[in-house]
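The chain contents come next:
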Amino acid sequence: MTLLAVERIKLFSTRSPTFSIPLALGFAVGLGAMFTSQSDDENPATVGVTQMGYSSGLVVMMAMATLSVTTEYRYNTIRLTFQAVPRRAAVLLAKTGVVVLVSAVTGLIGAFAAWGLGQLVKSDADLALDSGGDWRAVAGVGLVYAVAAVLAVAVGLLVRHSAAAIAVVLVYTLLLETVVTSIPALGEHVQPWLPFKAANYFLTDGQPDRVTEGVSGNTVDYPYGPWIGLLFFAGITAAIYVVSLITTQKRDA
């Protein structure tokens with residue numbers, strides 16, 4: 001049995017995916033449908049509007065990714081795993097791969113389901129994927145979910161305690177970046193260099209102000225293109241992930 005198969009079994013043997021995946025899909029699809037249904041002539045329904053629930057689902061999947069690590073520390077199963085497979089990096093890469101795949105697929109399903117439901121809610125709206133920006137707003141959700149899952153795993157490895165790790169994820173994603181960008185004379189300068197704002201920019205660049213200035217909070221001009229925003233988000237994530245791997249190699253399980 002490969003490490004990937006082992007990690008898949010371990011992940012789905014816990015209750016976290018059972019609750020997290022439907023909840024994330026519910027947020028992405030339900031909130032997207034709600035915002036789309038509230039569209040009018042002044043604020044028309046667009047592809048971006050159908051995706052305005054993605055960030056809530058993202059937080060849920062990040063919590064699941066964090067728990068995939070911290071639960072093992074809680075029950076000491078990771079110690080047994082490291083005894084069976086001394087190459088810790090291989091174990092953690094396999095675990096991360098499984099979590100990333102689950103998160104990315106969930107993000108994609110939620111994004112396209114929200115877009116499809118939006119067409120039912122507003123059948124008279126032009127919600128066709130006619131441009132690269134429209135495709136990026138929908139299909140790009142899977143990429144953001146994947147990168148965020150890696151970041152969440154890294155937080156779990158560094159913190160190890162479930163409640164504390166989830167608190168870090170929730171406080172940062174839901175509060176800290178928003179507070180920082182709200183500081184007068186400072187927020188507009190640092191906003192492009194905050195990882196989740198960069199990820200939001202990747203998804204919402206080119207969308208109406210209702211989208212970019214609403215849930216996403218992209219209220220300033222970014223000095224780079226949307227794909228650079230995704231690469232910046234991925235780069236920050238990769239750096240933190242490498243630190244978590246090195247730390248795990250040196251610490252006792």
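A short tour of the structure in this document, coming up.

The rules we used
- Residues numbered from 1 in each chain as written.
- Predicted model: local features only at pLDDT ≥ 70, side-chain atom pairs only at ≥ 80, totals over all residues.
- Heavy atoms only, no water.
- Helix = DSSP H or I, 4+ residues; strand = E, 2+ residues; numbered from the N terminus.
- Contact = heavy atoms within 4.5 Å.
- Buried < 20%, exposed > 50% of the residue type's maximum accessible area, 1.4 Å probe, protein only.
- Arc of directions from axis to C-beta.
- Salt bridge = Lys/Arg side-chain N within 4 Å of Asp/Glu carboxyl O.

### What about the environment of K122?
Following the sequence through the fold, K122 ends up in the loop between α6 (88-121) and α7 (132-159). Distance from K122 to T36, taken between C-alpha atoms, is 7.1 Å for residues 86 residues apart in sequence. Aside from chain neighbours lying at most four places away, what touches K122 is T36, S37, S39, A45 and L127.

### Focus: helix α1 (residues 3-12)
Those residues of α1 lying buried are A5, E7 and L11. The buried residues of α1 all sit within an arc of 165 degrees when viewed along its axis, so they share a single face. Check the buried side of α1 and you find it contacts α2 (16-37), α4 (54-74), α5 (77-84) and α6.

### Describing unusual backbone geometry
Unlike most non-glycine residues, R160 shows phi in positive territory, near 75 degrees. Residue classification places R160 among the buried positions, given a relative accessible area of 16%. One non-glycine residue, A185, adopts positive backbone phi at about 65 degrees. Looking at the element boundaries, A185 is found in the loop between α8 (162-181) and α9 (187-190). Note on A185: relative accessible area 70%, which makes it exposed.

### Some details on the pattern of salt bridges
Side chains carrying opposite charge are able to pair once their charged atoms draw close together. Summed over the entire model, instances satisfying the criterion amount to five salt bridges. Of the charged contacts in the structure, one is a salt bridge between E72 and K95, with a shortest N-O distance of 2.2 Å. You can see E72 sitting in helix α4 and its partner K95 sitting in helix α6, a full 23 residues away along the chain. Taken individually, E72 and K95 each receive the classification buried, so the pair is uniform in this respect. The partner of R136 in a salt bridge is D205, with the nearest N and O atoms 3.9 Å apart. One end of the pair, R136, is in helix α7; the other, D205, is in the loop between α10 (195-204) and α11 (209-212), and 69 residues separate them in sequence. Judged by relative accessible area, which is 10%, R136 ranks as buried. Its relative accessible area of 27% is what places D205 among the partly exposed residues. Within this structure, E7, K10, E72 and K95 form a network of salt bridges that share partners.

Geometry only, nothing functional implied.
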